[in-house]
Amino acid sequence: MRLPRPVLIATATATAAAALLLTPDGAVADPTPRPGGPVREGSGPSGGAAARAPEAATDRALGAPVTELTDGTGTPGGTRGYPREQVLAPDPANPADKSVRLGLTPYHAIAPKLNALQRLGDRVSVEVAGRSAGGHRLYLVTVTAPESPRQARAQERMRELIENAPAAAAEDPAVRRDYKTPVFFNNNIHGNEWEGTDASLKLIEQLATAQDRSTTGLLARSRVYFNITANPDGRIAGTRANANGFDLNRDFVTASQPEVRAMRQIAIDKQPALMVDLHGYVNGTLIEPTTPPHGENYEYDLFLKNTYANALGMEAAVNGLGFTPEKDGVEPAQIPFRDQEEGWDDWPPIFTPQYMPFHGTVAAHTVEFPLAVNNDEYDELPVAELRRRSAVNVAIAGAAMRASLDHVRTHRASLVADQIEVFRRSVTGAAQVPVSPETVPGVPGIGPEDVYTTDFPRAYVIPAGADAQRSAPAAARLVDHLLANDVRVRQATRDFRLGGKAYAKGSYVVDLRQPKRGMANVMLADGRDISDKVSVMYDISGWSLGRLWGAIVDTIRTPRLSVPDRAVQAAARVGYVAPRGTLRLRLDDAREIAALNSLLADGVVVRRAADGSAIVPASARGRAAVAARTYGVAFDATKATGGAPLRRVRVAAAVTPGELFALREMNFDVVPVSTAILNAGFDWSRADVLFASAGLDPARLGTAARAALDAFLGRAGLVGRGATGAALNSAAGLLAVEPVAGNPDANGVVRVVNSPGGVAGGAPGHSFVYAPVWFTDLGAGVRVEQAYGSGDPLLSGHWRALEDGGGGPAQAAGRASVVSGPHAVLFGTEPLFRGHPKGVFAQVGRALLTVSLRGDRAPGVVRGLPAGGG
């Protein structure tokens, strides 16, 4: 679930016991494939080990591409018919799987169950959509009436026609008559919200075997897709996050995790008209659409029309099960758009149902079943009560899915027509239609507070040429990310002028008259300051890749484009090594930091230049060439010799999972630490610097741990972020500064002013904040590396002053956001937030290098930490 706000109804406690609807181990693998039928597919690793986030799994997940859906034949998906069967090799039994206590299906029982479901007839297909961060298979099940390869190709042609030629699709009788409406059910994206998986397995069995006219008609005119468990790592371990510690339902704009990249590919390939994301736990059952603010890049009138209509059907089905507060502890279902004022919005496209509309989904829902069985409840409630609750949740999830299928059966024509209209508006550059009682009849309570639209520009340009050379790695990263999200990008074949500005050959052009214009704009636009719109936001409110990923992105509002260009399938290679002489590597981008660390790991002697770049000897040209190809960075010729030699920094990191992931993405040698790890006895000889932002409280350190940390900070140094980093700095007396905490609910993209050279040298003019901090009363020797912009520093997001008038952007304006001294660097921004602001990562990389360079100090320089618990 999304972590509940106070406006949501609290989860109730229930009492009686009931039998489960699905037995966890009720299916057996068929060892012999039928002639001409299923093929074999390899198993995943043992669930118990992989669910505990091994470092190797994290490394494997970094940048790993999503492969095409596979049934083991190696045949491209668009040329195969249905069913697409295979025999899945079983996973080793894992009695520690957290599903077992709930009476639900453990991960190791899913493959046998899917094998059994495929044997029920010719309607069920199983493909592997990828693997999780922990190495577990991600299963996509398709239920539909059989299709020959020729019929499957016809379906794909119609899908492409809807996206690419929507006007023609709207007039095509074959689309109206024959196109199978795609429906997508996503399950268990939060690993400790289990029941959607079991409800889906039950529904698949019903659809596979039912012979009534309603079911056969549905499957003749629909394809129903099930992502059986989007987060098998978390399902096994009983954690919200995957093996890398990521909340997958916050990752869709960034797509740092392999599970999210798999879901993204499903969205692109299958183009669902309706989708439901099954979560827990909110009582009564919460069924989106949401409260304001609404995503301004949607065709929200079409989205609200269909999402609200389907929500009514799901509400009726869930309430129709007959559960009551008195008997079962189950409150009536709620629809936030109708029943709440704010606090559960669809503003950021980081959630599954808020990302899918950019691929044509016109009805998209989070559904939260009611009875909590995770966290404290999992540990404290009797098994019988947990299983009763799980059975209720499975029933409610099943009712919601069946109601959605009923909606598809009844409203197939309008769902497809509205999906076509989404793409028609996009390719023609049509204006959005503001929601109102007239434009969305039948939806109660629409008011001006629900109207969110945007002014789409004509295009974006990502420049090439000498002026953009420093941002070339960032530009390549951004272009590849846009392409991965199905945004079309073109590259100029000659120099051109646009919007009164000259651009060089090789510049990238993103024309917004394309099917996925909303996707392009939601990623590249600045976004909006919505602080005055609502008092509280559910999650982040700003995320601009145009401002945070390090590339130069120009907005073009000229109504006509006349650019000599060609379509690209991947960004042009930007790796380069000067043919002779000493080499210089800039350290302005995360990829450049990663390349440096790879050279250092290979034993190359690299020195630091006065401007903060890295000087690589000519003798290492061969290794530089490998790094240039691997990371897409440039090694220019230089006559500089550099100063102090750099070393690969060993980082003790008390950080968030997103920060840990980003540090490893930059190839730092990282060992996680925490209060508990230090109290257990940590060998500080394994580290050169401490990076602290979370999970380390000096007041809770025992005497020995406190003394060891004192000694380490006496000879090494600190890079700190946020309140945790500032508190540790104050306790150790490293930097003479006064940290000021802003509104803890504030987040977004902020304007910053970077000081030349140093930590923020070469950094973008924007950064990201979440619970921002700034620094005042700067003592001797403290350098301001970066400051918040003057006036209102918030570009996009939500940042209000507190009730006492403090903590707001006006108070932060002009104040230091990043400070440094001989022994520490402190960040008041969040430069590694959830592995997202790629263009800002290098600030942390440079800070770690800077602190590690200063050498040992005499003992006793650092003031002792305060006494704490033993």
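Residues numbered from 1 in each chain as written. Predicted model: local features only at pLDDT ≥ 70, side-chain atom pairs only at ≥ 80, totals over all residues. Heavy atoms only, no water.

1. Regarding the overall build of the chain
Threshold: Per the convention used, a helix needs a DSSP run of H or I reaching at least four residues, while a strand needs a run of E reaching at least two, with both numbered from the N terminus. Here, residues are in contact when the closest pair of their heavy atoms is within 4.5 Å. Accessible surface is estimated by sampling points in the Shrake-Rupley manner with a 1.4 Å probe; for residues, cover comes only from the protein chains shown.
Helix and strand content of the chain: 27 helices and 35 strands. Of the contacts made within the chain by residues no fewer than 6 positions apart, 80% connect residues no fewer than 24 positions apart. Summed over all atoms, the accessible surface of the chain reaches about 30300 Å², with 53% contributed by carbon and sulfur.

2. Quick notes on the packing of aromatic side chains
Remark: the centre distance and the inter-plane angle together describe each pair of aromatic rings, the angle taken between the planes. Going by this rule: Paired rings are identified among Phe, Tyr and Trp, the last through its six-membered ring, by centres lying within 6.5 Å, and are further divided according to the angle between planes into stacked (under 30 degrees), edge-to-face (over 60) and tilted (the rest). Throughout this description, buried means an accessible area under 20% of the type-specific maximum (1.4 Å probe, protein chains only), exposed means over 50%, and partly exposed covers the range between.
Following the criterion strictly, the structure yields 21 aromatic pairs and no others. For the ring pair W344 and Y538, a centre distance of 5.2 Å and an interplane angle of 45° mean the geometry is tilted. Taken together, the residues span a long stretch of sequence, with W344 in the loop between α13 (336-339) and β10 (345-346) and Y538 in the loop between α18 (517-524) and α19 (545-548) at a distance of 194 residues. Among the residues examined, W344 registers a relative accessible area of 0% and is labelled buried.

3. Quick notes on the nonpolar core
Heads up, the rule is: What makes a nonpolar core is a set of buried Ala, Val, Leu, Ile, Met, Phe, Trp, Tyr and Cys residues whose side-chain atoms join them at distances within 4.5 Å.
Core analysis: the largest hydrophobic core is formed by 143 residues, its most contacted members being L114, Y139 and F226. In terms of residue count, helix α16 (residues 383-428) provides more of this core than any other element does, 13 residues in total. Leaving out residues up to four positions away in the same chain, L114 has contacts with L88, V126, Y139, V141, L201 and I228. Counting residues in each nonpolar core, the second largest holds 49 residues, with V577, V651, L660 and V818 among its members.

4. Brief notes about the pairing of strand β34 (residues 816-820)
Basically, it comes down to this: We treat two strands as partners when DSSP finds at least two bridges between them.
Most of β34 is tucked away: 5 of the 5 residues are buried. Where strand β32 (residues 783-788) meets β34, 4 bridges bridge the pair, whose relative direction is antiparallel. Within β34, the residue paired with R783 across the bridge is S820. Pairing between β34 and strand β35 (residues 824-827): 3 bridges, direction antiparallel. Paired with S820 across the bridge in β35 is V825. The turn linking β34 back onto β35 is made up of 3 residues.

5. Remarks on the environment of D233
What counts here: N or O atoms within 3.5 Å of each other form a polar contact, as long as, within protein, one can give a hydrogen and the other can take it, and as long as residues adjacent in sequence are counted only when both atoms are side-chain atoms.
As for its position among the elements, D233 is in helix α9 (residues 232-237). For D233, a relative accessible area of 0% puts it in the buried group. Separated by 41 residues in the primary sequence, D233 and N192 have C-alpha atoms spaced 9.9 Å apart. Here S132 takes part through its side chain, which lies 2.6 Å from a polar atom of the side chain of D233.

6. Description of the sheet that holds strand β16 (residues 508-511)
To keep it simple, the criterion reads: Helix axes use the C-alpha atoms of the stretch in contact, all axes being lines fitted to C-alpha atoms, and the angles between their N-to-C directions lie in the range 0 to 180 degrees.
Within the open sheet, the 5 strands sit side by side as β17-β12-β16-β13-β18. Their pairing is antiparallel. Every other strand in the sheet has two partners, leaving β17 (554-556) and β18 (565-567) as the edge strands with one partner each. Going across the sheet, the axis of each strand differs from the next one's by a mean of 30°, ignoring polarity. In the sheet, strand β13 (residues 490-492) pairs with β18 via 3 bridges, with the strands oriented antiparallel. Pairing of A492 across the sheet is with D565, part of β18. Sitting on the sheet, helix α17 (residues 472-484) touches β12 (459-462) and β16, and the angle it makes with β12 is about 140°.

7. Remarks on the packing of helix α20 (residues 590-601) against helix α21 (residues 621-631)
Put simply, the test is: The hand of a helix crossing depends on one turn: near helix anticlockwise from the far one by less than a right angle means left-handed, and clockwise means right-handed. Note that Gly is not counted as nonpolar here; it falls among the polar residues with everything else outside the nonpolar set of Ala, Val, Leu, Ile, Met, Phe, Trp, Tyr, Cys and Pro and the charged set of Asp, Glu, Lys and Arg.
Running from amino to carboxyl end, α20 crosses α21 at an angle of 145°, the nearest separation of the two axes being 10 Å. By crossing handedness, the relation of α20 to α21 is classed as right-handed. Taken together, the residues of α21 that come into contact with α20 (itself represented by R591, A594, A595, S598 and L599) are R623, A624, A627 and Y631. For the contact of α20 with α21, the class distribution of residues is 6 nonpolar, 1 polar and 2 charged.

8. Regarding the pattern of salt bridges
Convention followed: In what follows, salt bridge is the name for a side-chain nitrogen of Lys or Arg lying within 4 Å of a carboxyl oxygen of Asp or Glu.
According to the stated counting rule, one finds 46 salt bridges in the structure shown. A salt bridge links K516 to D486; the nearest nitrogen and oxygen atoms lie 2.6 Å apart. Taken as a pair, K516 in the loop between β16 and α18 and D486 in the loop between α17 and β13 lie far apart in primary sequence, 30 residues in all. Taking relative accessible area as the criterion, K516 reaches 1% and is therefore assigned buried. A network of salt bridges, in which partner residues are shared, links E156, R159, E163, D486, R488 and K516.

9. Digging into the sheet that holds strand β23 (residues 634-637)
Taken in spatial order, the 5 strands of this open sheet run β19-β23-β20-β22-β21, and their pairing is mixed. Both outer strands of the open sheet, β19 (576-577) and β21 (607-608), are each paired with one neighbouring strand and no more. The pairing of β21 with strand β22 (residues 614-616) spans 2 bridges and is antiparallel. Its bridge partner lying in β22, R608 is registered against A614.

10. Focus on α17
Note on helix geometry: an α-helix contains 3.6 residues per turn, so any two residues three or four positions apart are oriented the same way. Stated formally: Each residue after the first adds 1.5 Å to the expected span of a helix.
The end-to-end C-alpha separation of α17 is 18 Å, in line with the 18 Å expected for 13 residues at 1.5 Å each. Buried residues dominate α17, accounting for 11 of its 13 residues. Taken together, the buried positions of α17 are occupied by A472, P473, A474, A475, A476, R477, L478, V479, H481, L482 and L483. Against the buried residues of α17 lie α10 (258-270), β12, β16, α18, α19 and α20.

11. Concerning the confidence of the model for the chain
Where we set the bar: Per-residue confidence from the predictor is reported as pLDDT, which spans 0 to 100.
Residue-level pLDDT values for the chain average 90, and 89% of them are 70 or greater. Within the model, pLDDT remains below 50 along residues 3-68, and this stretch shows 168 contacts once partners closer than five positions in the same chain are excluded. Of the regions scoring below 50 in pLDDT, residues 856-870 engages in 42 contacts with residues more than four places distant in sequence or in other chains.

12. Digging into the pairing of β16
Relative to β16, β12 runs antiparallel, the two being bridged by 4 bridges. In the sheet register, A459 faces β16, and the bridge partner there is D511. Strand direction decides the pairing type here: β13 and β16, joined by 2 bridges, are antiparallel. Of the residues in β16, the one forming a bridge with R490 is V509.

13. So, α20
For α20, with 12 residues, the first-to-last C-alpha span of 16 Å sits near the 16 Å given by 1.5 Å per residue. Residues A590, E592, I593, A594, A595, L596, N597, S598, L599 and L600 constitute the buried set of α20. Capping of α20 at its N-terminal end is provided by D589; its side-chain oxygen lies 2.8 Å from the backbone amide nitrogen of R591.

14. Describing unusual backbone geometry
For the peptide bond that leads from N283 to G284, omega is 5°, which places it in the cis range. Mapped onto the elements, G284 comes out in the loop between β7 (274-280) and β8 (286-287). Following P292, the chain continues to P293 via a peptide bond in cis, the omega torsion being 0°. Inspection of the secondary structure assignment puts P293 in strand β9 (residues 291-294). Its identity as a non-glycine residue notwithstanding, A255 has a phi of 55°, on the positive side.

15. Comments concerning the side chain of R477
For R477, the position within the fold is in helix α17. Aside from chain neighbours lying at most four places away, what touches R477 is W549, D589, R591, K838 and G839.

16. Details of the environment of Q469
By the secondary structure assignment, Q469 is in the loop between β12 and α17. Of the residues examined, Q469 reaches a relative accessible area of 46% and is grouped as partly exposed. Measuring from C-alpha to C-alpha, the distance between Q469 and A634 comes to 9.1 Å, with 165 residues separating the pair along the chain.

17. Regarding the side chain of R80
If you trace the backbone, R80 turns up in the loop between α2 (55-61) and β2 (86-88). Only 2.9 Å separates the side chain of R80 from the side chain of E127, close enough to count as a polar contact.

18. Quick notes on the environment of T656
Inspection of the secondary structure puts T656 in the loop between β24 (650-654) and α22 (657-665). According to the relative accessible area criterion, T656 is partly exposed, its value standing at 27%. In this structure the C-alpha to C-alpha distance between T656 and P672, which are 16 residues apart in sequence, comes to 9.7 Å. Excluding its chain neighbours within four sequence positions, the residues that come into contact with T656 are S693, A694 and R721.

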